[in-house]
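Next come the chains, spelled out residue by residue.
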Amino acid sequence: MYIREIPEEYRQEVKAIMERQKTMLYMPIKDRQTLFNYYYRFIYTMRQGESVQGKIQQDIKCPSCIGKVIAYFKNIVNEW
């Protein structure tokens, strides 16, 4: 169980993205941006001076950051 969670109204969209991810070799950039947006808006605690859009732009190209966010959502969708 995580301390902070995705609000209920966004869970169906996250489930749909993760369901599509199961059959795809590569996740489309729009789906990746959506997951990053939810992760940084609701889960990640920002430091002073950080913004959601700045953090997304910084991390969207980082392979380990992408893996971290995808793994988080894979785990959390299984809990829902």
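Right above here is the structure, for reference.
Since this is a predicted model, take the numbers as computed values, not measurements.

Rules used throughout
Residues numbered from 1 in each chain as written. Predicted model: local features only at pLDDT ≥ 70, side-chain atom pairs only at ≥ 80, totals over all residues. Heavy atoms only, no water. Helix = DSSP H or I, 4+ residues; strand = E, 2+ residues; numbered from the N terminus. Rg over C-alpha atoms; globule rule 2.2 N^0.38 Å. Buried < 20%, exposed > 50% of the residue type's maximum accessible area, 1.4 Å probe, protein only. Areas by Shrake-Rupley, 256 points an atom, 1.4 Å probe, with all protein chains shown as cover. Lys, Arg positive; Asp, Glu negative; His and termini not counted. Charge placed at Lys NZ, Arg CZ, Asp CG, Glu CD. Core = buried A, V, L, I, M, F, W, Y, C linked by side-chain atoms within 4.5 Å. Contact = heavy atoms within 4.5 Å. Expected span 1.5 Å × (residues − 1). Arc of directions from axis to C-beta.

Q: Looking at this structure, I do not really get the overall build of the protein. What am I missing?
A: A count of helices and strands for the protein gives 4 helices and 0 strands. Listing each helix as α and each strand as β along the protein from the N terminus yields α-α-α-α. Taken over C-alpha atoms, the radius of gyration comes to 12 Å for the protein, in line with the 12 Å a tight globule of 80 residues would show. Along the longest, intermediate and shortest principal axes, the C-alpha atoms of the protein span 35 × 25 × 20 Å. Within the protein, the proportion of its 80 residues that are buried is 36%. Surface exposure of the protein reaches about 5,400 Å², of which carbon and sulfur atoms provide 53%. Taken as two groups, the 13 positive and 9 negative side-chain charges of the protein have centres that lie 5 Å from each other.

Q: Explain the nonpolar core here, please?
A: Side chains of nonpolar character tend, in soluble globular proteins, to be buried together. Core analysis: the biggest nonpolar cluster contains 22 residues, and Leu 35, Phe 36, Tyr 39 and Phe 73 have the highest contact counts within it. Elements that contribute at least two residues to this core include exactly α1 (8-23), α2 (29-43) and α4 (63-79). Apart from residues lying up to four places away in sequence, Leu 35 is in contact with Val 14, Ile 17, Met 18, Met 27, Val 69 and Phe 73.

Q: For this particular structure, what's the right way to read the environment of Ile 66?
A: By secondary structure assignment, the location of Ile 66 is in helix α4. By relative accessible area, Ile 66 is classed as buried at 15%. For the pair Ile 66 and Arg 32, spaced 34 residues apart in the sequence, the C-alpha separation amounts to 7.8 Å. Once you skip the residues sitting within four places of it in the chain, Ile 66 turns out to touch Arg 32, Phe 36, Asp 59, Ile 60 and Lys 61.

Q: Quick question: what am I supposed to make of α4 here?
A: Because each turn of an α-helix spans 3.6 residues, side chains separated by three or four positions end up pointing in the same direction. Helix length check: α4 (17 residues) gives 25 Å between terminal C-alpha atoms against 24 Å at 1.5 Å per residue, within 8%. The set of residues buried in α4 consists of Cys 65, Ile 66, Val 69, Ile 70, Tyr 72, Phe 73 and Ile 76. Looking down the long axis of α4, one finds its buried residues gathered within 155° of arc, a one-sided arrangement. The outward face of α4, more than 90 degrees from its buried face, is lined by the exposed residues Pro 63, Ser 64 and Asn 78.

Any functional reading would require information that these geometric values do not contain.
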